[in-house]
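# A structural walkthrough
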Amino acid sequence: MTKTVYLQRHGAIAVLLIANPPVNALSAEVIAGLAAALDAFEADRSYAAFLVHCEGRTFVAGGDITTFDDPKFSTSLYNRTLARLEALDRPVAAVLHGSVLGGGMELALSCHYRVATPRTQFGMPEVKLGILPGSLGTQRLPRLIGVALALDLIASGRMIDSGAALKAGIVDEVTEGVPLDVGLDFAKVLIAGLAEPRRISAQKVSPDSVPADFFTQALDDAARRKAFYPSARNIVLAVQASMLPFAEGEAIEARLFEELRVSPESKAMRHLFFAERQAAKIPGLKKDVLLRTIASVGIVGAGTMGGGIAMNFANAGIPTVLIETSQAALDRGLGLVRSNYEASAAKGRLTSAEVEQRMALLRGSLDDTALADCDLVIEAVFENMDLKRQVCARLGKVCKPGAIIATNTSTLDVDVLAEATGRPADVVGMHFFSPANVMRLLEVVRGAKTSPDVLATVMQVAHKIGKVAVVSGVCYGFIGNRMAEVYMREAEFLMMEGARPAEIDGAVEGLGMAMGPCRMLDMAGIDVGAKTVIEYGKAGGLPPDDSYRAVVQKLFELGRFGQKTGAGYYAYDGRKPVADPETVRISQALAAAHGIEQRSDIGKQEIIERLLYPLINEGAKILEEGIAYRPGDIDIVWTAGYGFPDHQGGPLWMADRIGLTAIAERLSHYAKVRGNPFGYWTVSPLLTSLAQSDLRLSDWQAS
Ligand SMILES: NC(=O)c1ccc[n+]([C@@H]2O[C@H](COP(=O)([O-])OP(=O)(O)OC[C@H]3O[C@@H](n4cnc5c(N)ncnc54)[C@H](O)[C@@H]3O)[C@@H](O)[C@H]2O)c1
């Protein structure tokens, strides 16, 4: 065999052992090993059954997608090998444990019989990479469990557990035990019972199993709800092809798969998949850095953020104490956490026992000495420098030596807060996004003196609580909000020039953005946004431009705080934004006051360019200044934290597709037509030099 695949004899059972840590991913070597094992098995008539088993913590948990960009990539060799496996004339079984995903599911479906251990997870997550299962998953799964459930699983990419897999008929049996023993016992029973090979490809899908318009409906649904994702349509078509003879379905699946593999959407989504894994790596960090143990957490401030942050730790089973200034604030904070959990329980996502378990991990205190034993303390008090400095000074004294002190500030200087503690090496920023229990993004802010083990520990903690963490250096707004600032700036200038909020939002939502800038700020709170601008002005950070973010400041002055007060950029009918003539009047008045000419010819393309090109330009500055380690980190921040469409791969990936020369030219164009007294349109040196050398942002690496 090969180094990663062995054939072992266990009496009359040939055990194919795959040992390709960490997740037994399919690779060319695994496939070659499988083919060699099939040769050996076919030649040896003393074997009565073939058992597929994986060493380590999981069955095959997916394919090796690093080879997808290879122009010569093809699934055909694997598919032919799976066909040989299925065609064996003696029973073929698989014992499944850990995660049976993607290519692993397709391997399992090529076997005649399947047994799983409890707590095994099953899924076909290819859709999350913009593709479909390309090794006959779309043909075998519907034959096994019916088209409706197969389409649901393949189109959603969701996972199911052993119990659900047994009920669906994906596995024949669920048995507790050591996987190899479970598999051997299962195979022995097959041999004793003279079980015949049972090939899924020979089964038929009954056309009556679903309503006549099932696939038309599914295609409509894909077009309506997943318009940006060609995979949604192709998955429906591939599953529909399972109604045809197997060989025809196979050819259709291959064609639909190939269309997706080379699609820009899948390339963008694959870029994000790799970028996310890359983001966890800290350049220059020594391999032997000793991580600190985080077994208990403290949070100062049980407001909007504090409560949400606490839920992350309770969900991960880590005891957490919340500190407040009054019993009322504490009760309100913990009460909100409980009602969030209860809402999840009402939707069936948690049992009531789980709600109680999580609540039992949370306790409140008015006495901050309760933080003395905590390994990690996160402050989430009001965004006010004096207050935060005081809180940090106190934390420097109360927290035990070796404890990590983190701040959730959105805008304040982490280095100043670090100094305030008197132990800056222990300090780091942990910038959660709202709602903190839902949003996946965490910006981990590396201060000038943050020690490497603190940074590495926080990255590991982030992973443990299910966040995607990106390291940012210290600057105003870190990576995400700093880029959002130029985006909001242009949204407001466009309004003052005559564009309506719905036109502005519509232009970027048309690209797949979850929410345009006006809807986003209405939801986050105009008051929060305006205060940030005002504070930054006081700190001397704003350009000397009276019209800068004039709209948000005016709306704030008028008490239009957004969705929560029923009016902001839009008026609100419940949670539904409706156009409001009042904001048009406000913008017109501001334009007149600041000498901004109103126009009626602002088109969609101008809106897109003016919102996104400065944002991309700011991203390039962030790279140049060493605030972000890599372009992919910025793409992760925007896709995981700001609703930037994953099928566009993030702003910098998108920039490379548009072309940096074109972007630089348009920035210069706007500098001419809008004037550039405050440098808003000055092309960053990095963007200029990459464009001149015909390079891409994704080619950029820190020197
Ligand atoms: N709301 C957001 O969208 C968001 C997003 C990311 C980061 N942040 C940051 O998170 C922090 C908290 O914001 P928030 O929205 O949760 O504010 P909030 O007003 O909802 O909560 C702040 C809480 O801190 C408490 N508090 C104040 N002083 C305290 C002290 N000395 N000791 C203990 N508790 C004290 C208050 O009673 C209040 O409950 C800010 O730094 C903010 O910039 C907010």
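Given the structure is predicted, the values throughout are model-derived calculations rather than measurements.

What counts, and at which threshold
- The numbering scheme is per chain: residues are counted from 1 as the chain's sequence reads.
- Under the rules for a predicted model, residues below a pLDDT of 70 receive no local features and side-chain atom pairs below 80 are neither given nor counted, while totals for whole chains, interfaces and linings still include all residues.
- With hydrogens and water excluded, all non-hydrogen atoms of the structure serve as input to the side-chain values.
- Helix numbers and strand numbers start at the N terminus; a helix is a DSSP run of H or I with at least 4 residues, a strand a run of E with at least 2.
- For this measure, only C-alpha atoms enter the radius of gyration; the expected value for a globule follows 2.2 Å times N^0.38, where N is the number of residues.
- Here the term buried applies to any residue with accessible area under 20% of the maximum for its type, exposed to any over 50%, and partly exposed to those in between, with areas from a 1.4 Å probe on protein chains only.
- Here a residue-residue contact requires only that any non-hydrogen atoms of the pair lie within 4.5 Å.
- In this charge count, Lys and Arg are treated as positive and Asp and Glu as negative; neither His nor the chain ends contribute.
- By convention, the charge on Lys lies at NZ, on Arg at CZ, on Asp at CG and on Glu at CD.
- Aromatic contacts are taken between Phe, Tyr and Trp rings whose centres are within 6.5 Å, Trp giving its six-membered ring; a plane angle under 30 degrees counts as stacked, one over 60 as edge-to-face, and the others as tilted.
- For this analysis, a nonpolar core means a set of buried residues of the types Ala, Val, Leu, Ile, Met, Phe, Trp, Tyr and Cys, connected via side-chain atoms within 4.5 Å.
- Each domain's extent is set by a domain assignment, obtained either automatically or from a database.
- Nearness of a residue to a molecule or strand requires only that one of the residue's heavy atoms be within 4 Å of it.
- Contacts described as polar in this section are N or O atom pairs within 3.5 Å, which, within protein, must combine one atom able to donate a hydrogen with one able to accept it, while residues neighboring in sequence count only if both atoms come from side chains.
- We get accessible surface area from the Shrake-Rupley algorithm with a probe of 1.4 Å; when it comes to residues, only the shown protein chains can shield them.
- Side-chain classes follow a simple rule in which Ala, Val, Leu, Ile, Met, Phe, Trp, Tyr, Cys and Pro form the nonpolar group, Asp, Glu, Lys and Arg form the charged group, and the remainder, Gly included, forms the polar group.
- The directions considered for the arc run from the helix axis to the C-beta atoms.
- Between any two strands, pairing holds if DSSP finds at least two bridges.
- Convention adopted: a line fitted to C-alpha atoms gives each axis, helices being fitted over their contacting stretch, and angles between N-to-C directions are expressed from 0 to 180 degrees.
- Our angle categories are set so that under 35 degrees counts as roughly parallel, over 145 as roughly antiparallel, 65 to 115 as roughly perpendicular, and the remainder as oblique.

### Here we look at the overall build of the protein
Tallying secondary structure elements over the protein gives 28 helices and 19 strands in all. A compact globule built from 703 residues would reach a C-alpha radius of gyration of about 27 Å, and the protein, at 28 Å, matches this within 12%. With the C-alpha coordinates of the protein rotated into their principal frame, the extents come out at 90 × 60 × 50 Å. Across the 703 residues of the protein, 54% fall into the buried class. When contacts within the protein are restricted to residue pairs at least 6 apart in sequence, those whose partners lie at least 24 apart make up 73%. Across the protein, 72 positive and 80 negative side-chain charges occur, with their mean positions spaced 2 Å apart.

### Some details on the packing of aromatic side chains
For the structure on display, the rule yields 17 aromatic pairs. With centroids separated by 6.0 Å and ring planes inclined at 85°, the aromatic side chains of Phe68 and Phe257 adopt a geometry described as edge-to-face. Here the residue Phe68 occupies a position in the loop between strand S3 (49-54) and helix H2 (76-87), and Phe257 occupies one in helix H10 (residues 246-261), the gap between them amounting to 189 residues. Each member of the pair, Phe68 as well as Phe257, is classed as buried. Here Phe73 and Phe257 contribute two aromatic rings whose centre-to-centre distance is 6.3 Å and whose plane-to-plane angle is 35°, an arrangement assigned as tilted.

### Regarding the nonpolar core
Residues Ile479, Tyr487, Tyr569, Trp638 and Leu697 are the most contacted members of the largest nonpolar core, which totals 80 residues. Top contributing element to this core by residue count: helix H18 (residues 478-497), with eleven residues. Composition of this core by domain shows at least three residues from each of domain 2 (297-474) and domain 3 (479-699). Judged by nonpolar contacts, the second largest core, of 66 residues, contains Ala108, Ile131, Ile154 and Ala165.

### Remarks on the site of the ligand
Met305, Glu324, Glu383, Lys388 and Asn408 are the nearest of the 21 residues found near the ligand. In the environment of the ligand, an oxygen atom lies 2.5 Å from a nitrogen or oxygen atom belonging to the side chain of Glu324. Take Asn408: an N or O atom from its side chain is 2.8 Å from an oxygen atom of the ligand. Starting from 840 Å² of accessible surface for the ligand in isolation, the protein chains cover 79%. Contributions of two or more residues to the shell around the ligand are made by helix H12 (304-315), helix H15 (385-398) and strand S15 (427-432). Per-class residue counts for the shell around the ligand are nine nonpolar, nine polar and three charged.

### Some words on helix H16 (residues 414-421)
Listed as buried for H16 are Val414, Leu417, Ala418 and Thr421. Around the axis of H16, the buried residues are gathered within 105° of arc, so they sit on the same side. If you follow the buried residues of H16, they end up packed against H15, strand S14 (404-407), S15, strand S16 (441-445) and H18. Positive backbone phi, at 80°, marks Gly422, one or two positions downstream of H16.

### Overview of the sheet that holds strand S7 (residues 121-123)
Strand order in this open sheet of three strands is S5-S7-S8, and the pairing throughout is mixed. In the strand order of this sheet, the two ends are held by strand S5 (99-101) and strand S8 (159-161), each with one partner. Between one strand and the next, the sheet's axes are offset by a mean angle of 20°, whatever the strand orientation. The pairing of S5 with S7 spans three bridges and is classified as parallel. Within S7, the position partnered with Ser99 by the bridge is Gln121.

### Some points on the sheet that holds strand S13 (residues 376-379)
Taken together, eight strands build an open sheet; the order of strands is S12-S11-S10-S13-S14-S15-S16-S17 and the sheet is mixed. The outermost strands of the open sheet, each flanked by one partner alone, are strand S12 (362-365) and strand S17 (468-472). Ignoring which end each strand starts from, the neighbouring axes of this sheet average 25° apart. The sheet contact formed by S14 and S15 spans three bridges and is parallel. Residue pairing for S15: Ala406 is matched across the bridge by Val428. Sitting on the sheet, helix H13 (residues 327-346) is in contact with strand S11 (320-323) and S12, with an inclination near 170° to S12. H16 contacts S14, S15 and S16 of the sheet and is inclined by roughly 130° relative to S15.

### Concerning the domain arrangement of the protein
Structurally, the protein comprises domain 1 (5-261), domain 2 (297-474) and domain 3 (479-699). Each of domain 1 and domain 2 has a C-alpha centre, and the two are 42 Å apart.

### Here we look at the packing of helix H11 (residues 264-279) against helix H25 (residues 631-641)
Where H11 contacts H25, the two axes come as close as 9 Å, and the packing angle between them is 105°. Viewed along their axes, H11 and H25 adopt a mutual orientation that is roughly perpendicular. The segment H11 lies against H25, with His271, Leu272, Ala275, Glu276 and Ala279 engaging Gly632, Asp633, Asp635, Ile636 and Thr639. The residue inventory of the contact of H11 with H25, partitioned by class, reads four nonpolar, three polar and three charged.

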